[in-house]
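Here is how the chains run, residue by residue.
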Amino acid sequence: MQLSVGQCLIIAIWVGLVMSRVFIGGASTTLRFTPMMTGLVCGIVLGDVKTAMITTASIQLLYMGVFSPGGQMPSEPCVATALAVPVAILGKLDPAAAVIVAVPIGLLGSYLYQFRFFVNTFVVKLTDKYAAKGDHNGLTLSVVVIPVLVSWVIFMPFIFLSLYYGASAIANFVQANSSTVLFHILSVIGTGLPAIGIALTIYVIGKKNYIVFFVLAYFLAVVLLPNKINMATYAIIGALVSLIFILTRRESAKE
């Protein structure tokens, strides 16, 4: 299966919009750092939302513990998802194989983002020039318009060409070699990578006193697995446990 020009173009435009931060407020940052919406767009464009979201969920776990000091990510989740999800859908890959594809692509995306910073250093000189003159329209051009265009020029062609010429080739290659020992090893590694994201998140925001809730959730998920409980049920159970914990603390504080 080969992606059409229209499909590649839509996904490339979406990535360009996200990476250029044209969305209002914190939406741009959220869309860039979390792959879920990019995965949804890919699923809609390729007509397989279910596979796209299952694959994106694994990629999302991988980036749960990744932070962006100064706005720079060690890997770009949006770029990784935009390429890994179509490859997974075309090749009918499992989520672990998609994670293997997402890691190097996300790393390449971070280099592109650094190149964007480099190009914008020249734009800053233009900003200083307009600031010295007090040119409001010039500042709008150099601060808003040009950086957005720079992002589009860098990311949109890369995503489009990678999808149109590379997605099917990568999918066929992975599919043809999925039974080899090397890909089995990579699949095992890919299955374990999301656990790193979860562990990093627990390490950063977790407290030793609250680890018991994580352990409870883990064993609860294992026990209820045969019953095929959906995420909405787990969310309700988690909310009830949290509410009981809060009420207990309030009663203890009153006493």
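This section reports on the structure supplied with the text. (Residues numbered from 1 in each chain as written. Predicted model: local features only at pLDDT ≥ 70, side-chain atom pairs only at ≥ 80, totals over all residues. Heavy atoms only, no water.)

Overview of the nonpolar core
Here is step 1 of the chain: In this structure, I11, V15, V79, F155, I159 and L163 are the most contacted members of the largest nonpolar core, which totals 44 residues.
Here is step 2 of the chain: Secondary-structure elements contributing two or more residues to this core are α1 (5–19), α3 (36–46), α4 (49–62), α5 (77–91), α6 (95–133) and α7 (136–177).
Here is step 3 of the chain: At 11 residues, α5 tops the list of elements feeding residues into this core.
Here is step 4 of the chain: For I159, the contacting residues outside a window of four places in its chain are I11, A12, V15, V79 and L83. (Core = buried A, V, L, I, M, F, W, Y, C linked by side-chain atoms within 4.5 Å. Buried < 20%, exposed > 50% of the residue type's maximum accessible area, 1.4 Å probe, protein only. Helix = DSSP H or I, 4+ residues; strand = E, 2+ residues; numbered from the N terminus. Contact = heavy atoms within 4.5 Å.)

What about α4?
Here is step 1 of the chain: Look at α4: 20 Å from first C-alpha to last across 14 residues, which is about the 20 Å you get at 1.5 Å a residue.
Here is step 2 of the chain: If you check which residues of α4 are buried, you get A52, T55, T56, S58, I59, Q60 and L62. (Expected span 1.5 Å × (residues − 1).)

Looking at the packing of α1 against α3
Here is step 1 of the chain: Packing of α1 against α3 leaves a shortest axis separation of 10 Å and a crossing angle of 165°. Classified by the interaxial angle, the pair formed by α1 and α3 is roughly antiparallel. In terms of crossing hand, the pair formed by α1 and α3 is right-handed. For the pair α1 and α3, the contacting residues are Q7, I10, I11 and W14 in the first and M37, T38, V41, C42, V45 and L46 in the second. (Axes fitted to C-alpha atoms, helices over the stretch in contact; angles between N-to-C directions. Parallel < 35°, antiparallel > 145°, perpendicular 65-115°, else oblique. Left-handed = near helix turned anticlockwise from the far one by under 90°.)

Digging into α1
Here is step 1 of the chain: Here α1 contains 15 residues, and its C-alpha end-to-end distance of 21 Å stays within 8% of the 21 Å for a straight helix at 1.5 Å per residue.
Here is step 2 of the chain: Of the residues making up α1, those classed as buried are Q7, C8, I11, A12, W14, V15, G16, V18 and M19.
Here is step 3 of the chain: Directly beyond the C-terminal end of α1, a positive phi value near 60° is found at R21.

Notes on the side chain of T56
Here is step 1 of the chain: The topology assignment puts T56 in helix α4.
Here is step 2 of the chain: Ignoring sequence-local partners within four residues, the contact set of T56 consists of P35, M36, G39, T81 and V85.

Quick look at a nonpolar patch on the surface
Here is step 1 of the chain: Residues I211, F214, V215, Y218, F219 and V222 make up a contiguous nonpolar surface patch of about 550 Å² in total accessible area.
Here is step 2 of the chain: As for its position among the elements, Y218 is in helix α9 (residues 211–224). (Patch = residues over 30% accessible without salt bridge, like charges linked within 9 Å, V, L, I, M, F, W, Y side chains within 5 Å. Areas by Shrake-Rupley, 256 points an atom, 1.4 Å probe, with all protein chains shown as cover. Salt bridge = Lys/Arg side-chain N within 4 Å of Asp/Glu carboxyl O.)

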